[in-house]
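# A closer look at the structure
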Protein chains: 2
Amino acid sequence: MKNEHNNVPMVVIKRLPRYYRYLGELMKQGVNRISSAALSEKMGVTASQIRQDFNCFGGFGQQGYGYNVPNLYAKIGEILGLNHGHTVIIIGAGNMGRALVNYTKLEKRGFHIIGIFDNNPEKIGTQIKGVTISSDDSLEEFCQNNKVDIAALSLPATGVAHVAQRLVQCGVKGLWNFSYTELAVPEGVAVENVHLSDSLMTLSYKVAKKQ
Amino acid sequence: MKNEHNNVPMVVIKRLPRYYRYLGELMKQGVNRISSAALSEKMGVTASQIRQDFNCFGGFGQQGYGYNVPNLYAKIGEILGLNHGHTVIIIGAGNMGRALVNYTKLEKRGFHIIGIFDNNPEKIGTQIKGVTISSDDSLEEFCQNNKVDIAALSLPATGVAHVAQRLVQCGVKGLWNFSYTELAVPEGVAVENVHLSDSLMTLSYKVAKKQ
């Protein structure tokens, strides 16, 4: 499926998951309709920012009515590609890998963990939440037999580049990279980095600034 | 210490940890001097962006010379508040908490984990990397006896708001929030959220876009 929203700035895209979460909360509370002013107050973003953001996708609101919450939620989910569902494998069954498998929000968002891989013989064959840990060596075979959309890379930094290369050759289109390394991937493969220490350094800045 | 860089846009601040990482790599390789063009190529950011970013802090470069890598590294570290060193406690010794304790990059960046807290009696008294897990109940006492700069919140979402409130009352100035909840904190307290599912949704978007 070709996504038609090709020129939306990444900074807007990065805000969509947050809108999505908030709208999900509103739906849980039975709210069907919200003004951009009320959404703005709830999210701590200006109403004009919200309107601008949504206008990138053709706008979803209606003058004098506001936003239809379930429609907006469904539309943003669609833009984020959440409506297809994604299969995910985890490479590295250390603490971070285990945390990801146990992270229930992933399933709720349509991400299905179908495999976990590690090179530690003591871990191979054991299970986390019903998913068996397989040997790293069987990665190619697994990818031949299963459609893998996304691989989470939660292994030590030294092995990441090589594993990423193997995954790309297997046709995996999305790499969720928890290692400290930035990955070079061919056009057509998407990478999203989670650099925990960057986030902590940003916090350090904010703390220093407040003092 | 008052930080003098109060009007720097957050989007620039967010790029500083990445510069800091790259410059650290360059120093390891013995590189003492780099042009903004070379830094730009290495980081996949335009040279004009780099110059603009650094100009927010008075600029560090010299026409025709480029940047002095160790100076720039030290200066960015100072802006990020890394030169003070920070004490960190971890609330919640689940997989994510354990992953944080074992994340060696934190110590390298000057963040010292001095306490871990959990409410599971089976965990209390055991150690992770030499740090003993204490009972949640002893949080206030611990904070009275130790200067705690930052608390990482890696506990289930239901308990987060209450624990955050207690930490703020204890004088903790920085909350590193891994839960799904957004926290309301008083002026003077900084929060940095790590919303893993937001990052995964962004990846989902990128994957959908490339197809």
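Residues numbered from 1 in each chain as written. Chains lettered and ligands numbered in written order. Predicted model: local features only at pLDDT ≥ 70, side-chain atom pairs only at ≥ 80, totals over all residues. Heavy atoms only, no water.

All names here are of chain B. Mapped onto the secondary structure, Asp53 falls in helix H4 (residues 47-55). On the basis of relative accessible area, Asp53 is assigned to the buried category, the value being 2%. For Asp53, the residues in contact, after removing those within four places along its chain, are Val12, Arg15 and Tyr19. (Helix = DSSP H or I, 4+ residues; strand = E, 2+ residues; numbered from the N terminus. Buried < 20%, exposed > 50% of the residue type's maximum accessible area, 1.4 Å probe, protein only. Contact = heavy atoms within 4.5 Å.)

Before going further, it helps to examine the packing of aromatic side chains. When we look at a pair of aromatic rings, we describe it by the centre distance and by the angle of the planes. All names here are of chain B. As enumerated under the stated definition, the model contains ten aromatic pairs over all chains in all. Aromatic side chains Phe54 and Tyr67 sit 5.3 Å apart centroid to centroid with 90° between the ring planes, which places their arrangement in the edge-to-face category. Within this pair, whereas Phe54 is found in helix H4, its partner Tyr67 is found in strand S2 (residues 67-68), the two being separated by 13 residues in sequence. In this pair, the class of Phe54 matches that of Tyr67, namely buried. On the numbers, 4.8 Å between centres and 70° between planes, the contact of Trp176 with Phe178 is edge-to-face. Exposure remark for Trp176: the relative accessible area of 1% places this residue in the buried category. (Phe/Tyr/Trp six-rings, centres within 6.5 Å; stacked < 30°, edge-to-face > 60°.)

This part is about the interface of chain A and chain B. Taken residue by residue, the interface counts 62 residues in chain A and 62 residues in chain B. The junction of chain A with chain B conceals about 6000 Å² of combined surface from both sides, 64% of it contributed by carbon and sulfur atoms. Scanning the region where chain A abuts chain B turns up eight salt bridges. Across the pair A:Arg21 and B:Glu182 runs a salt bridge whose closest N-O atoms are separated by 2.9 Å. One can count 24 residue pairs in polar contact (both at pLDDT 80 or more) joining chain A with chain B. Those elements giving two or more residues to the side of chain A that touches chain B turn out to be helix H1 (10-13), helix H2 (16-28), helix H6 (95-101), helix H7 (104-108), strand S8 (174-177), strand S9 (190-193) and helix H10 (196-210) of chain A. Top contributing element to the side of chain A that touches chain B by residue count: H10(A), with 15 residues. (Buried area = accessible area lost by both parts, 1.4 Å probe. Salt bridge = Lys/Arg side-chain N within 4 Å of Asp/Glu carboxyl O. Polar contact = N/O pair within 3.5 Å; in protein donor to acceptor, adjacent residues only side chain to side chain.)

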